[in-house]
Every structure is written in structure tokens, then in C-alpha cells.
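Descriptive analysis of the structure
Spelled out from the first residue to the last, the chains are:
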Amino acid sequence: MARVHTEACSLSTINQNDSIMKSLLYGHDVLSMKELSLAQIQQVLELAATFKSEDVPALLKNKIIAHCFFEPSTRTRLSFETATLRLGGQVIGFSSDESLSIKKGETLQDTIQVLSHYADLIIVRHPKEGAARLAAETSAKPVINAGDGANQHPTQALLDLFTIQECQNKIDGLAIALVGDLKYGRTIHSFAQACTLFDIRLFLVSPDSLTLPDFICDELKRNGVRFSFHQSLEEVVPKVDILYMTRIQQERFNDADYQLIKKRCILTPDLLATAKPNLKILHPLPRVNEIDAEVDKTPHAYYFQQAANGVYVREALLALMLNENVQVLT
Ligand code: CP
């Protein structure tokens, strides 16, 4: 059910004469995909494409970004840091709470309130669902949710959309399989919610115990997204344009279920024999064993390019959140 075509996104917010883009995200928080409009998403993707193709201007000059990571991260933290530095901004923050006064009993809210007087924008990753929203409620400055428990990871969904647009030249009209831990995977939750804004056919591949939460299925239904449930990769590989693999979180469920999903959801090169030529495999990473390393050598593998795109998308997001107007050199 087509709603809006990405090709039409356009550059409606750009004045082609002076190359000024009026930000649709200036001063906003970015806490979940559900709260982003199609126009905001398209503006991020568009600016990210510009940043990928040319030198980035110093749009964060004199800005300080607090990178607050209460949970481990490789890609999200370091790509946000790279993005901040490339845009001329400066970074304060931490990669664990070990050295914080939280260890003395200080609350998250007090910590964030104080940091919001030191920094111009706060990025929060936290193991508890809802932590980024709590931070936003007490922060005097905009907050980005960089992953909160099993809830949301909106900036990952933005870079997933950017990568899909890049490798398929479109988003609307694609068939996409979401594979693995659909119940606890926050990247899946954010991506599935983003699908409500596009014409995407979803194939949900997981054991029954790890299927997509009902409230997200309800959102898909309400928005006319076609989706179906599947138990094995073999069923869906020939039908899809994107295979979005995710890590199985062994710690979340019993051993019998884990053994079952392990067998069904490991992608090996032989499973790709029936794939369409344009199939691309995405994975938010880190992977454990769900994609055989041999798959990396196939033309279908696109997960490392996906991770690289995190820098451009996060550059675009930071630039738009902290600048009312963004001048793009053409
Ligand atoms: N995709 C992702 O969030 O990776 P990190 O946990 O390494 O940040």
C-alpha cells in the first residue's frame, strides 16, 4: 500500500538557489522511530547522502556533545564520536558508569540534568527500557536514544533505511525479511516501526517464542503493512530483496528454544543459492554465529557497508538537531 515514495522526498526543504536546508529536527529529541515523521526521516537520509559524497562543513563548531554510554557499544558510540569530530564538535562522556557518581547512588535524572548544562546535546545508551525518555524529560538539551534495553534504537533504523536506499536505489516496493530475535531486538523494533511509513512487505522469521511483540504487529496492521510469520530462512530467501539478520540473544530464553533457532537462523552460503541477484544482507552487528564468515565473500553481504554508513547518518542527525538551517555546498 503505497504511501509516499522516497524518490519524491525531495529536497522540498532545500532552496536550490542558496542551498539552505531548514531543519525539521532542530531542537527535537530523537527517542523512537514512531515519533519521527516521513519528512524528518527523508531529510536525514538526504543530508547523509550529501555528507557521504563530499567534505562535511563544521556544523558543530563550538558545540559539545555528551556521549553517555551506560552499556557496551562499538559502532554506535564510535560512529557518533567520529561524526561529532568530523563536524568540528567536541566530545565529553563515558563508555560505562563505573567512574560516575551514579555508583554513589545518584539518579540517572540528576546525572543527565547536570550534563545538560555542560553539553549542547546528549546521546544516551542504557540497558533499561525508557531510560532515554527519562533523560529527555530532565534534560535542558536535546537527547538522542542510542539504544534503551530491548525497546528502541532509532539511529540504527535511520542508517538501515539509508543503507537500503543506497544498495537498492529505493525503499518503497521492497520485500524485507527480519530474522532472528524479533522479540528482544531493539533494532528490529525501530526498523519495523519505520516500515509503517513506507511500502514494504515484511517476512518475519523467528521461532514462536521470539516473534515480534503484539503491539508492533498491531501498528503494522493499522498502517496497512503486509507481513507474515515464518520459521525458516529457506522459505523466505528466494522472495526478498533484503535479509535483515539479527543476533540471537541466548541469555533471553531456554536452551531448547535456543537450539531450535540456532539451526534455523544461521545463514550459510548454500542458503543463498535461491536468492535474487539483488538480495543484500544487512545486520546491525555485532554478529555472533548467525552469519557464517563465508557469506562475507558473497556479493550479497552488505553489513560492513551498513556499519560504515552510521557515520554519515549520525552526522546528518547531529547537524539537523543543532542547526536551524543547514547550508549545503553544491
Ligand atoms: N548496531 C549497534 O548498535 O552496535 P553497537 O552495540 O556496537 O553500538
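Please read these numbers as outputs of a predicted model, since none were measured by experiment.

1. Focus: the domain arrangement of the protein chain
It is common to give the size of an interface as the accessible area that goes away when the parts come together. Assigned domains of the protein chain: these are domain 1 (20–150 + 310–327) and domain 2 (154–307). Averaged C-alpha coordinates put domain 1 and domain 2 at centres separated by 26 Å. Counting residues at the interface gives 31 residues for domain 1 and 24 residues for domain 2. Buried surface at the junction of domain 1 and domain 2, summed over both partners, amounts to about 2,200 Å²; 67% is from carbon and sulfur atoms.

2. Comments concerning the UniProt feature "binding site: L-aspartate" (unreviewed entry) in the protein chain
With numbering matched to this structure, UniProt assigns "binding site: L-aspartate" (unreviewed entry) to K104, R186 and R247. Spatial dispersion of the annotated residues is evident: they stretch over 144 residues in sequence, and the largest pairwise C-alpha distance comes to 34.0 Å. Put simply, the named residues that line the largest pocket are R186 and R247. Examined against the element boundaries, R186 turns out to sit in helix α6 (residues 186–195). On the basis of relative accessibility, which here comes to 13%, the residue R186 falls in the buried class. Ignoring anything within four residues of it in the chain, the contact list for R186 reads E71, R125, H126, G147, D148, G149, A150, N151, Q152 and H153. From its side chain, R186 meets the backbone oxygen of G149 in a polar contact 3.0 Å long. Inspection of the secondary structure puts R247 in the loop between β10 (242–245) and α9 (255–264). With a relative accessible area of 29%, R247 lands in the partly exposed category. Aside from chain neighbours lying at most four places away, what touches R247 is D181, H283, P286, V288 and E290.

3. Re the packing of helix α1 (residues 38–53) against helix α10 (residues 303–322)
With their axes 8 Å apart at the nearest point, α1 and α10 run at an angle of 120° to one another. In terms of axis orientation, α1 runs oblique to α10. The hand of the α1/α10 crossing is right-handed. Residues Q43, V44, L47, A48, F51 and K52 of α1 pack against N309, Y312, V313, E315, A316, L317, A319 and L320 of α10. In terms of residue class, the contact of α1 with α10 is made up of ten nonpolar, two polar and two charged.

4. Quick notes on the layout of surface pockets
Looking at the largest pocket, its volume works out to about 570 Å³. Elements represented by at least two residues in the lining of the largest pocket include exactly α2 (75–86) and α6. Among the elements that line the lining of the largest pocket, the one with the most residues is α6, at three residues. Residues belonging to the lining of the largest pocket are distributed by class as follows: eight nonpolar, eleven polar and eight charged.

5. Here we look at the pattern of salt bridges
Here the structure, examined in full by the defined rule, presents twelve salt bridges. The salt bridge involving K34 is made with E219; its shortest N-O contact spans 3.6 Å. On the criterion of sequence distance, the pair formed by K34 in the loop between β2 (20–22) and α1 and E219 in helix α7 (residues 214–222) is long-range, its members being 185 residues apart. The class of K34 is exposed, set by a relative accessible area of 55%. In this structure E219 comes out as buried when scored by relative accessible area, which is 6%. Between R77 and E81 there is a salt bridge, with its nearest N and O atoms 3.1 Å apart.

6. A closer look at empty space enclosed by the protein
Scanning the entire structure with this criterion turns up one cavity of 30 Å³ or more. Roughly 60 Å³ of internal volume is contained in the largest cavity. If you go around the largest cavity, the residues you meet are R75, S79, Q156, L159, H283, P284, Q306, A307, G310 and R314. Within the residue set of the lining of the largest cavity, elements represented by two or more residues are α2, α5 (154–168) and α10. When residues in the lining of the largest cavity are grouped by element, the largest group, four residues, is from α10. Along the lines of polarity and charge, the residues of the lining of the largest cavity split into three nonpolar, five polar and two charged. Both domains that furnish three or more residues to the lining of the largest cavity are identified here as domain 1 (20–150 + 310–327) and domain 2 (154–307).

7. Comments concerning the sheet that holds strand β7 (residues 175–179)
Strand order in the open sheet made by the five strands is β9-β8-β7-β10-β11, with parallel pairing throughout. Strands at the two margins of the open sheet, each flanked by one partner only, are β9 (227–230) and β11 (280–282). Each adjacent strand pair in this sheet contributes to an overall mean axis angle of 20°, direction not counted. Both β7 and strand β8 (residues 201–205) contribute to a ladder of five bridges, which runs parallel. Bridged to A175 within β8 is R201. Where α6 meets the sheet, its contacts fall on β7, β8 and β10, and the angle it forms with β7 comes to roughly 155°.

8. Concerning the site of the ligand
Close to the ligand lie S73, T74, R75, T76, R125, H153, Q156, P284 and L285, which account for all nearby residues. For the ligand, an oxygen atom lies 2.6 Å from a polar atom in the side chain of S73. Contact distances for the ligand include 2.9 Å between an oxygen atom and a side-chain N or O atom of H153. Contact with the protein chains hides 91% of the accessible area of the ligand, taken as 250 Å² for the molecule alone. When atom positions are compared with the pocket grids, the ligand is found to occupy the largest pocket.

Cut-offs used in this document
Residues numbered from 1 in each chain as written. Predicted model: local features only at pLDDT ≥ 70, side-chain atom pairs only at ≥ 80, totals over all residues. Heavy atoms only, no water. Domains from an automatic or database assignment. Contact = heavy atoms within 4.5 Å. Buried area = accessible area lost by both parts, 1.4 Å probe. UniProt positions renumbered as here; feature names shortened; annotations may be inferred. 1 Å grid on protein atoms, 1.4 Å probe; cavity = no way out; pocket = protein on both sides within 12 Å on 5 of 7 lines; lining within 4 Å. Helix = DSSP H or I, 4+ residues; strand = E, 2+ residues; numbered from the N terminus. Buried < 20%, exposed > 50% of the residue type's maximum accessible area, 1.4 Å probe, protein only. Polar contact = N/O pair within 3.5 Å; in protein donor to acceptor, adjacent residues only side chain to side chain. Axes fitted to C-alpha atoms, helices over the stretch in contact; angles between N-to-C directions. Parallel < 35°, antiparallel > 145°, perpendicular 65-115°, else oblique. Left-handed = near helix turned anticlockwise from the far one by under 90°. Nonpolar A, V, L, I, M, F, W, Y, C, P; charged D, E, K, R; others polar. Points joined across faces, edges and corners; volume = space filled by probe spheres on them. Salt bridge = Lys/Arg side-chain N within 4 Å of Asp/Glu carboxyl O. Pairing = 2+ DSSP bridges. Near = heavy atom within 4 Å. Areas by Shrake-Rupley, 256 points an atom, 1.4 Å probe, with all protein chains shown as cover. Sits in = over half its atoms within 2 Å of the grid points.

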